[in-house]
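# Observations on the model geometry
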Amino acid sequence: MLMKKSVLKLSKNTLVIMNNFEVFLYFICFSAIGGAAFAMMWSNIKSINDDTRKAPKPKHPEAPKAGEEVMYVDLSREKLEDLYKQDKE
């Protein structure tokens, strides 16, 4: 028993219409991806600019004022050696 293969017959106009539809769908997807990429780059650049324009944070209330003397410990090697020698004597 021989089975006949069913062949789908399409006219040339149907293939052209489908081909045009696929091209249209491709460009729609391409535009959507391109627009999303541009929007993401734009928002990243905008957020970087917004961060650099912010006012500086206020200083701590106990921070020294300009010109005020600050106490510190000098831990240079020479000073530490001198302190060690003084301690031995």
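What you are looking at is a predicted structure, and each value in this text was computed from that prediction instead of being measured.

Glancing now at a nonpolar patch on the surface. A cluster of nonpolar residues, Phe21, Phe24, Leu25 and Ile28, forms a patch on the protein surface that exposes about 410 Å² of accessible area. When its relative accessible area of 53% is taken as the criterion, phenylalanine 24 is described as exposed.

Our focus in this paragraph is the packing of aromatic side chains. Across all of its chains, the model carries 3 aromatic pairs by this definition. Ring plane angle 20° and centroid distance 6.2 Å describe the contact between tyrosine 26 and phenylalanine 30, whose orientation is recorded as stacked. Taken as a pair, tyrosine 26 and phenylalanine 30 lie in helix α1 (residues 12-53) at a separation of 4 residues, close to a single helical turn. Joined through ring pairs, the aromatic side chains of Tyr26, Phe27 and Phe30 make up one cluster.

This part takes up the pattern of salt bridges. Per the counting criterion, the structure on display carries 1 salt bridge. Arginine 77 is the partner of glutamate 81 in a salt bridge, and the nearest nitrogen-oxygen pair spans 3.3 Å. With glutamate 81 and arginine 77 both in helix α2 (residues 77-88), this residue pair falls 4 residues apart, about one helical turn. A relative accessible area of 63% places arginine 77 in the exposed class.

Calculation rules
- Residues numbered from 1 in each chain as written.
- Predicted model: local features only at pLDDT ≥ 70, side-chain atom pairs only at ≥ 80, totals over all residues.
- Heavy atoms only, no water.
- Patch = residues over 30% accessible without salt bridge, like charges linked within 9 Å, V, L, I, M, F, W, Y side chains within 5 Å.
- Areas by Shrake-Rupley, 256 points an atom, 1.4 Å probe, with all protein chains shown as cover.
- Salt bridge = Lys/Arg side-chain N within 4 Å of Asp/Glu carboxyl O.
- Buried < 20%, exposed > 50% of the residue type's maximum accessible area, 1.4 Å probe, protein only.
- Phe/Tyr/Trp six-rings, centres within 6.5 Å; stacked < 30°, edge-to-face > 60°.
- Helix = DSSP H or I, 4+ residues; strand = E, 2+ residues; numbered from the N terminus.

No statement about biological role is implied by the geometric values presented.
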